[in-house]
Amino acid sequence: MPTIALGVTGGIGAYKAVEVARGLQKAGHEVVVVMTEAARHFVGPLTFEAITRHPVITDQFAPGANADIAHIQLATDAALLLVAPATANCLGKMAHGIADDFLSSLYLATRAPVVVAPAMNTFMWEHDAVRRNLEVLRERGVRVVEPGEGFLACGWMGKGRLAEPDAIVAAVLDTLRKGASLAGRRFLVTAGPTFEDIDPVRYVGNRSSGRMGFAIAEEAAARGAEVTVVAGPVSVAPPPGVALVRVRGAVEMRDAVMARAKGQDVIVMAAAVADYRPERATEKIAKETQTLTLVLHRTPDILEGLGRERAEGRLPGTLLVGFAAETSEVVARAREKRRRKQVDLVVANDVSRSDAGFDVDANAVVLVAEDGEQELGLAPKREIARGIVDRIERLLGTRKE
Ligand code: PMT
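A. How the structure looks around the environment of L182. With respect to the helices, strands and loops of the structure, L182 is situated in the loop between α8 (165-180) and β8 (186-191). Linking L182 and L106, residues 76 residues apart in sequence, is a C-alpha distance of 26 Å. Every residue in contact with L182, bar those within four places of it in the chain, is listed here: F187, A220, R223, G224, A225, V389, E393 and L396.

Now the structure itself:
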C-alpha cells in the first residue's frame, strides 16, 4: 500500500493528527510523520512513532538523518502529502515557496498530490493574506479540507477548527483514488487562442491565456491519463507531464487535432478558436488609405468536424467535450451548440464577466450534458477543471465502449 507523508504543524489540533494517522493506517497505508518544531510543543514525536512504527522526521539537519535514505526519499516515495493541521504560517510558506524546514522543503520537492487541513483562529482564517495563500495553493491543485465551526481553543466561536479526522482521511483516500482513476485513458486537450495572420507582422487574436485548457490537462494527467495538449499562442506555462504541440492558427490547430484524434478516449476543445481568418497579405500592408477593409473567411469548426467524424463512425468510443463562450443566454446557447456539434458535454461560460472566463485565474461554468446540467460556481480554474474531469469520468463510466 502507498506511503502517506503526514506533516503536522503547530496548532492545538495537532493531537487530532494522531487519529488521522490511525485512520490512514486502518485504510492500509504506511504513514511517515514529519513534525515542525512548533508541532512538538503540542504532541511528542514518540506518540506518532509508536503509532506509525516509523521514525518521526523532526529536523532537516539532524546529525545522522541525512544518511538515512528513507528519510531523504520521502519526497519521491510518498503517494500523497497531507498537512494536518496546517497553520497559517505553514500555508504561507507553501504558497510562497519558502523552504526553511523539512516539511516546507518536502512540499517543494515532492510531485505527489497534496492535501491540507487548515486550523487556526477565526480572524486569521478570514484574513485576506490567508485567503489569498489558499487561493494560490488551490490554483496549484492542492486540495483543501475546510475547517469546521465551533468553539476554538482561543475562546472564540467561529470557523477555524481542524476538520474531523474522518473527513480528512476521506479526502485523502478520495484524492488517492482519483490519482489512478484515469490510468490507461488518453486525453487530447486544446488550449489558448488562435492567431490569424493579416500580413507578416499583424494578426487577429483573442484574450484566451490557455489557463482553462491547461488546468483540465493537468487534472487529467494527475489522475493518470496520458495527455496531449494542442496549444495556440498561450501566455502561460504548460503543466508538467503532458505532451505539448504548439500551433498558431485555426487551420493548423484543426490539422494537429485531426492527426491525433483517433484512439483518444476523450477530446476536450477548451481553445478559443477564431471563427474567421483574414485573407493573408504576403507583404506588410502599407498605411496608405484612411480606412482599411479586411476580408474574413470562415475557419473550419474543429469541434463540429470531430462530432461529424464520430457520427460517421470514424472516432468510435471517443467522448467529445466542447466549450461555449457566451455573453448572453449562456445555457440555452450551450444546449444548442451541444446538439448541433453532436458532442457529449458542453462547458458553458459567461465571458462577459470580468472575474471569470478569459485571461483570469477563475471561472464559473455550467456543464451541459444530455442527462442534465450542473453548475460549478466561481472558483480557481484548477478547481473548475476538477469538476469538469469528474463529470467526464462519470460520462466515461456510463458510455458504451
Ligand atoms: O484560456 P483562458 O484565458 O483560461 O480562457 C478560457 C476560455 C474562456 C477561452 C474557455 O473557458 C472557453 O470558453 N473556451 C472556448 C472558447 C470558444 O471558442 O467558444 P465558442 O463558443 O466560440 O466555441 C464553441 C466550441 O467550438 C469550443 O469548444 C471551441 O473550441 C470550438 N470551436 C470554435 C470555433 C472553431 N472554428 N472551431 C472549434 O472547434
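Alright, that's what it looks like, and here's the rest.
B. Representation of the packing of aromatic side chains in the model. Scanning the model with the defined rule gives one aromatic pair in all. Ring centres 4.0 Å apart and planes at 15° place the aromatic pair F195 and Y203 in the stacked group. Its end group placed over the ring of W125, R131 keeps NZ or CZ at 4.4 Å from the ring centre. It is R248 that lies over the ring of Y203; its NZ or CZ is 5.4 Å from the centre.

C. Region of the structure containing the site of the ligand. Surrounding the ligand, one finds 29 residues, the nearest of these being S208, S209, A271, K337 and N349. At 2.7 Å from an oxygen atom of the ligand is found a main-chain nitrogen or oxygen belonging to A271. I302 places a polar main-chain atom, nitrogen or oxygen, 3.1 Å from a nitrogen atom of the ligand. In isolation the ligand offers 770 Å² of accessible surface; the protein chains occlude 96% of this area. Only α9 (211-222), α11 (302-311), β16 (319-326) and α12 (330-341) provide two or more residues apiece to the shell around the ligand. For the shell around the ligand, the leading source of residues is β16, giving four residues.

D. How the structure looks around the nonpolar core. Of all hydrophobic cores here, the largest spans 36 residues; its most connected members are F187, I216, V227, I388 and I392. Element by element, the count of residues in this core is highest for helix α13 (residues 381-398), at seven residues. Ignoring anything within four residues of it in the chain, the contact list for F187 reads L182, A220, A225, E226, V227, T228, Q264, V266 and I392. Formed by 31 residues, the second largest nonpolar core is a distinct cluster that contains L80, L162, I168 and V172.

E. The sheet that holds strand β5 (residues 143-144), seen in detail. If you walk across this open sheet you meet the five strands as β2-β1-β3-β4-β5, and the pairing is parallel. Looking at which strands have only one partner, the edges of the open sheet turn out to be β2 (30-35) and β5. Across five bridges, the pairing between strand β1 (residues 3-8) and strand β3 (residues 78-86) is parallel. From the neighbouring strand, T3 faces β3, where its bridge partner is A78. On the sheet, helix α2 (residues 45-52) packs against β1 and β2 and is oriented at approximately 170° with respect to β2.

F. Region of interest: the pairing of β8. Here β8 lies mainly inside the structure; five of its six residues are buried. Of the strand pairs in this sheet, β8 and strand β11 (residues 226-231) are connected by six bridges, and their pairing is parallel. Bridge pairing in β11 places A191 opposite A231. Relative to strand β13 (residues 266-269), β8 runs parallel, the two being bridged by four bridges. Within β13, the residue paired with L188 across the bridge is I267.

G. Inspection of the packing of helix α4 (residues 88-96) against helix α7 (residues 128-139) at higher detail. Interaxial distance between α4 and α7 falls to 9 Å at its minimum, and their mutual angle equals 50°. In terms of orientation, α4 lies oblique with respect to α7. For the pair α4 and α7, the crossing hand works out as left-handed. Contact with α4, carried on its side by A88, L91, G92, M94, A95 and H96, involves V130, N133, L134, V136 and L137 of α7 and no other residues of that element. Here the residues of the contact of α4 with α7 are counted per class, giving eight nonpolar, three polar and no charged.

H. Expanded view of the pattern of salt bridges. Under the counting rule described, the total for this entry stands at 35 salt bridges. When the shortest N-O distance is used, the salt bridge between R138 and E146 registers 2.6 Å. What makes R138 buried here is its relative accessible area of 18%. With a closest N to O distance of 3.3 Å, D174 and K178 form a salt bridge. Here K178 and D174 lie together in helix α8, a separation of four residues that amounts to about one turn.

I. Local environment of the packing of helix α1 (residues 16-26) against α8. As a packed pair, α1 and α8 sit with axes 9 Å apart at the nearest point and diverge in direction by 45°. The angle between the axes of α1 and α8 places the two elements in the oblique class. Crossing geometry of α1 relative to α8 is assigned as right-handed. Between α1 and α8, the contacting residues are K16, E19, V20, G23 and L24 on the first element and P165, I168, V169 and V172 on the second. Looking at side-chain class alone, the contact of α1 with α8 contains six nonpolar, one polar and two charged residues.

J. Just a nonpolar patch on the surface, in detail. The grouping of V204, Y276, L292, L294 and L296 at the surface amounts to a nonpolar patch, some 440 Å² of accessible area in total. Mapped onto the fold, L294 is located in the loop between β14 (276-278) and β15 (296-298). For L294, a relative accessible area of 35% gives the class partly exposed.

What counts as what
Residues numbered from 1 in each chain as written. Predicted model: local features only at pLDDT ≥ 70, side-chain atom pairs only at ≥ 80, totals over all residues. Heavy atoms only, no water. Helix = DSSP H or I, 4+ residues; strand = E, 2+ residues; numbered from the N terminus. Contact = heavy atoms within 4.5 Å. Phe/Tyr/Trp six-rings, centres within 6.5 Å; stacked < 30°, edge-to-face > 60°. Lys NZ or Arg CZ within 6 Å of the ring centre and 35° of its normal. Near = heavy atom within 4 Å. Polar contact = N/O pair within 3.5 Å; in protein donor to acceptor, adjacent residues only side chain to side chain. Areas by Shrake-Rupley, 256 points an atom, 1.4 Å probe, with all protein chains shown as cover. Core = buried A, V, L, I, M, F, W, Y, C linked by side-chain atoms within 4.5 Å. Buried < 20%, exposed > 50% of the residue type's maximum accessible area, 1.4 Å probe, protein only. Pairing = 2+ DSSP bridges. Axes fitted to C-alpha atoms, helices over the stretch in contact; angles between N-to-C directions. Parallel < 35°, antiparallel > 145°, perpendicular 65-115°, else oblique. Left-handed = near helix turned anticlockwise from the far one by under 90°. Nonpolar A, V, L, I, M, F, W, Y, C, P; charged D, E, K, R; others polar. Salt bridge = Lys/Arg side-chain N within 4 Å of Asp/Glu carboxyl O. Patch = residues over 30% accessible without salt bridge, like charges linked within 9 Å, V, L, I, M, F, W, Y side chains within 5 Å.

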